[in-house]
Amino acid sequence: MGRRSFGFRLYSWVRRWPHVAGLLFAIVVVAIVSAGLVYFAPEKVRDAALKIKNDANLLAQLLPATLPEPSKIESAYWLPQNWSSRQRYWFHHTSQGTATIPVPYQWFLALERPELSFSYTSLTDDDYLRRLGFIPSPSSKDFARNAPSYGYHEDGSNAGGGSPGWTPNLPDNPNGLPVGFAILKGGVDPATGGSYEDQIGLTCAACHTGHLEYKNVSLRFDGGPAMVNLGEVERVVGLSIGYTLILPWRFERFASRLEQIKGQGVDRKQLRSDLDLALQKIKKQKAQSDSLLTEQGIADLDEGFGRLDALNRIGNQVFYSNLLDPLTGELTDPLLKGNLARHDAPVSFPPIWDTPYFLWAQYDASVLNELVRNSGEALGVSAKINMTAPAPGRPLFASSIHLSDIAQFEELLRGADPFSAADASGKKFTGLLAPRWNDAQKKFRSDPAWGIDEKLVENGRDLYRAHCFECHRGPVCLRQKMAGGFVLEAGELRSLRQKREELGGHRRPALFQCGSDAGHGDRYRSSTIRCPHDAPRSPARVTWIKSSR
């Protein structure tokens, strides 16, 4: 008698153990369905898992986030704001000296989206980065030819820029990364002494460039609040690296893509080791910070799109992350635990088109000097700095910050001093202007939704004068002044005269300051600037700046 077939033996086993067979069949079906859901609808699985604690929540952290689907854009338009196309592009892609993305530039270009896919899906694809809130931008290789399709056009009336006679160079963005991405050229790390390849960092424009979409038209404007989700960007990069290491075919695709970018072969064993080291450093820092917060019974808030707890993030980077072991990311001193704060006060990104004329450089009235504020911001988005120990050629506090470019950002925003002209007719504001409704309306002339009712506009002015002007003042421009002028004359406030001289003697709006208990602003936000070792203080001692918006 011949040997029974596998099918016959399986049938006999099922007949003998029907209940066990049914259970195994159910498990297989559930596994197939689960795998299908994770592959075809990972966002829905993640959303469901986030509602469950412990292991399910861990699963949620390993799946891609729910991102909005990319909208259809048929045309783009940068609104007129006193800048030429070249000035805009310089602001969008000039490096501050930061390395925000924790892998080399070429690796970033070769990575895939954190999705379960059989074919290559680029992490830097325009549509995908748009889903994270970023604004597409043309390549620098042929900027003049491609710029119009991205909305750039020549309407800047101050062609000389913020500094007379200054013409910006075209920044390097050969792969057409979005607004706010800039290349930090390779060099020597001041913290480790080792060399690093070209890196990618975020600029001011990543958070302070806005856009709105209406009827498939993208209206874009500099200096406005962005709609990016930087917390999700961090997770996306970490997951992309993790998927590349876990899934063998993903690593092979990554290595092949990197070879195409470099134009030469790579040592795949060494590449995998380096990629794993980068991932372990990210995981270790995340695990340490989560553990420290868990010990206190707290957790970071999800900041979401268009909001960020910038002060706490900067403080954590400067006074916690920058003091960890620069190679391994390990905690070197237990005392550093007290320097870590939760992300608990996310706010919208403030407009910046008139901030160079503010007396205070930080809206919570904590910083007077623009370079101090902007250097702190650069450190917060991972400029390289030696904060641990001096070494030959690497003095303490040596950094990769491009201070001259940061100063030029401010000059471009400020423009020439409008009060320096000899006669009144020559006085003109040449800095970045706030976008005007009329300029946007021109793109939708036949659309009644964009029409302006002049009577309602005048009523709005009356309401603003009655209820808002006391704190928020009027716009920083010379074409129109509301009753109760707002421009400070030299020496007008004696107590601030010396500080004004230290800031270069620029005339600045007389901004209103009030205690956080006066019903203005976020009282909890104000507590983030208080030293934890200070004696309890009245909220009235924390001042807030109410700026012209």
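Rules behind the numbers
- Throughout this description, residue numbers start from 1 for each chain and increase along the sequence as written.
- Where totals are concerned, whole chains, interfaces and linings use all residues; where local detail is concerned, this predicted model gives features only for residues with pLDDT of at least 70, and gives and counts side-chain atom pairs only at 80 or more.
- Calculation of side-chain values draws on the structure's entire complement of heavy atoms; hydrogens and water are dropped beforehand.
- Note on conventions: DSSP H or I runs of at least 4 residues are helices, E runs of at least 2 residues are strands, and numbering of each starts at the N terminus.
- In this scheme, a residue with accessible area under 20% of its type's maximum is buried, one over 50% is exposed, and one in between is partly exposed, where area comes from a 1.4 Å probe on protein chains only.
- We get accessible surface area from the Shrake-Rupley algorithm with a probe of 1.4 Å; when it comes to residues, only the shown protein chains can shield them.
- Salt bridges, as used here, are contacts in which a Lys or Arg side-chain nitrogen is within 4 Å of a carboxyl oxygen on Asp or Glu.
- Think of a polar contact as two N or O atoms within 3.5 Å of one another; within protein, one of them needs to be a possible hydrogen donor and the other a possible acceptor, and neighboring residues in sequence only count if both atoms come from side chains.
- Contacts were defined at the residue level, with two residues in contact if any of their heavy atoms lie within 4.5 Å.
- Only centres within 6.5 Å qualify two rings of Phe, Tyr or Trp (six-membered ring in Trp) as a pair; their planes then separate them into stacked at under 30 degrees, edge-to-face at over 60, and tilted for everything else.
- Note on geometry: a ring has a charge over it if NZ (lysine) or CZ (arginine) is within 6 Å of the ring centre and within 35 degrees of the ring normal.
- Buried Ala, Val, Leu, Ile, Met, Phe, Trp, Tyr and Cys residues that are joined via side-chain atoms within 4.5 Å together make up what is termed a nonpolar core.
- Only the stretch in contact is used when a helix axis is fitted, and all axes are lines through C-alpha atoms; the angle between N-to-C directions ranges over 0 to 180 degrees.
- Orientation is classified from the angle alone, with under 35 degrees giving roughly parallel, over 145 giving roughly antiparallel, 65 to 115 giving roughly perpendicular, and any other angle giving oblique.
- In short, DSSP must find at least two bridges between two strands for them to pair.
- pLDDT is a residue-level measure of predictor confidence that goes from 0 to 100.
- By this rule, a helix spans an expected 1.5 Å times one less than how many residues it contains.
- Sulfur atoms of two cysteines make up a disulfide when they are within 2.5 Å.

Engineer: How should I be thinking about the overall build of the protein in this particular structure?
Structural biologist: Counting secondary structure elements, the protein contains 20 helices and 11 strands. Relative to its full complement of 549 residues, the protein shows a buried share of 44%. Working note: accessible area of the protein is about 28500 Å², and carbon and sulfur atoms make up 57% of it.

Engineer: In this structure, what is going on with the pattern of salt bridges? I would like to understand it.
Structural biologist: Pairs can form between side chains of opposite charge whenever their charged atoms are close. Within this structure, the stated rule accounts for 27 salt bridges. With a closest N to O distance of 2.8 Å, Glu234 and Arg313 form a salt bridge. Here Glu234, found in helix H10 (residues 230-246), pairs with Arg313, found in helix H13 (residues 310-319); they are 79 residues apart in sequence, far enough to count as distant. By relative accessible area, which is 15% here, Arg313 ends up buried. The salt bridge partner of Glu259 is Arg268, with a shortest N-O separation of 3.0 Å.

Engineer: Before we go on, may I ask you to explain the side chain of Glu410 in this structure?
Structural biologist: Counting through the fold element by element, Glu410 comes out in helix H15 (residues 403-414). In this structure Glu410 comes out as buried when scored by relative accessible area, which is 5%. A distance of 2.7 Å separates polar atoms of two side chains, one belonging to Glu410 and the other to Arg373. Contacts of Glu410, omitting those with residues within four sequence positions, involve Pro356, Glu370, Arg373 and Asn374.

Engineer: Is there a simple way to explain the packing of aromatic side chains in this structure?
Structural biologist: The geometry of an aromatic ring pair is captured by the separation of the ring centres together with the interplanar angle, meaning the angle of the planes. Under the criterion given, the structure shown has 15 aromatic pairs. Above the face of the Phe251 ring, Arg272 is positioned so that its terminal group lies 4.3 Å from the ring centre. For Lys384, the ring lying beneath its charged end belongs to Tyr196, and the centroid distance is 4.7 Å.

Engineer: How should I be thinking about the nonpolar core in this particular structure?
Structural biologist: It is characteristic of soluble globular proteins that their nonpolar side chains tend to be buried jointly. Formed by 40 residues in total, the largest nonpolar core has its most connected members in Phe108 and Phe254. Residue assignment for this core shows that the elements contributing at least two residues are helix H6 (105-110), helix H7 (126-131), strand E2 (181-184), strand E5 (199-202), helix H9 (204-207), H10, helix H11 (248-262) and helix H12 (268-295). Tallying contributions element by element places H10 first for this core, with six residues. Ignoring any residue separated from it by four or fewer positions in sequence, one finds Phe108 in contact with Ile101, Val103, Leu123, Thr124, Leu177, Phe181, Ile200 and Val237. If you look at the next biggest cluster of nonpolar residues, it comprises 26 residues, including Phe91, Ala147, Val179 and Leu219.

Engineer: Got a minute to help me understand the packing of H10 against H11 in this structure?
Structural biologist: Packed helices, taken two at a time, are described by the angle between their axes plus the distance between the axes. Here H10 crosses H11 at 110 degrees, and the two axes come no closer than 5 Å. When the interaxial angle is binned, H10 and H11 end up roughly perpendicular. Along its contact with H10, which presents Tyr243, Thr244 and Ile246, the element H11 presents Pro248, Arg250, Phe251 and Phe254.

Engineer: Honestly, the environment of Lys286 in this entry has me stumped. Any pointers?
Structural biologist: Tracing the chain through its elements places Lys286 in helix H12. Each C-alpha atom, one on Lys286 and one on Gly329, is 9.8 Å from the other, the two residues being 43 residues apart in sequence.

Engineer: How should I be thinking about the sheet that holds strand E7 (residues 217-222) in this particular structure?
Structural biologist: The pairing of strands in a sheet happens through backbone hydrogen bonds and is either parallel or antiparallel. Here three strands make up an open sheet; going across it, the order is E1-E7-E6 and the pairing mixed. The open sheet has two edge strands with one neighbour each: strand E1 (75-78) and strand E6 (209-214). Direction aside, neighbouring strands of the sheet carry axes that sit 20 degrees apart on average. Where E1 and E7 come together, four bridges link them in parallel fashion.

Engineer: Looking at this structure, how should I read unusual backbone geometry?
Structural biologist: Generally, phi is negative for residues other than glycine and the peptide bonds are trans, each holding for most cases. Positive phi, normally seen in glycine, also occurs at Ser382, with a value near 75 degrees. Positionally, Ser382 belongs in the loop between helix H14 (370-380) and H15. The phi angle at Phe397 is positive, at roughly 75 degrees, despite the residue not being glycine. As for its placement among the helices and strands, Phe397 is situated in the loop between H14 and H15. Residue classification places Phe397 among the exposed residues on the basis of a relative accessible area of 54%.

Engineer: How should the confidence of the model for the protein be read in this particular structure?
Structural biologist: Where the model shows low pLDDT, its predicted coordinates should not be examined in detail. Of all residues in the protein, 70% attain a pLDDT of 70 or more, and the chain-wide mean is 79. The secondary structure element of the protein with the lowest average pLDDT is strand E11 (residues 543-546), at 32, and the one with the highest is E2, at 98. Here residues 33-41 scores under 50 on pLDDT; set against residues more than four positions off or in separate chains, the count is nine contacts. Scored below 50 in pLDDT, residues 531-549 makes 57 contacts in the model with residues more than four places away or belonging to other chains.

Engineer: Honestly, the pairing of E2 in this entry has me stumped. Any pointers?
Structural biologist: Every other side chain in a regular strand lies on the same face of the sheet, so the side chains alternate between the two faces. The two faces of E2 match: Phe181 and Ile183 on one face and Ala182 and Leu184 on the other face are all buried. Where E2 meets E5, four bridges bridge the pair, whose relative direction is antiparallel. Each residue of the ladder has a partner; that of Leu184, found in E5, is Gln199.

Engineer: Would you take a moment to explain H10 for this structure?
Structural biologist: Every α-helical turn comprises 3.6 residues, leaving residues that sit three or four positions apart pointing alike. Relative to the 24 Å expected for 17 residues at 1.5 Å per residue, H10 spans 24 Å between its end C-alpha atoms, a close match to the ideal helical length. The element H10 is largely enclosed, with a buried count of 14 among its 17 residues.

Engineer: Explanation requested: the packing of H11 against H12 in the structure shown.
Structural biologist: One way to put it is that H11 packs onto H12 with a least axis distance of 11 Å and a crossing angle of 110 degrees. Classed by the angle they form, the pair H11 and H12 counts as roughly perpendicular. Every residue of H12 that contacts H11 at Phe251, Glu252, Phe254, Ala255, Ser256, Leu258 and Glu259 is listed here: Arg268, Leu271, Arg272 and Leu275.

Engineer: It is not clear to me how the side chain of Thr94 should be interpreted in this structure. Could you clarify?
Structural biologist: Within the secondary structure, Thr94 is located in the loop between helix H5 (85-93) and H6. Within the local environment of Thr94, its side chain forms a polar contact with the backbone oxygen of Trp90, the two atoms lying 2.6 Å apart.

Engineer: Before we go on, may I ask you to explain the state of the cysteines in this structure?
Structural biologist: Simply put, the disulfide is a covalent bond whose two ends are the sulfur atoms of two cysteines. Considering all chains together, one arrives at zero disulfides under this definition. No disulfide involves Cys207; its nearest neighbouring cysteine sulfur is the one of Cys204, lying 8.7 Å away. The exposure class of Cys207 is buried, given its relative accessible area of 13%.

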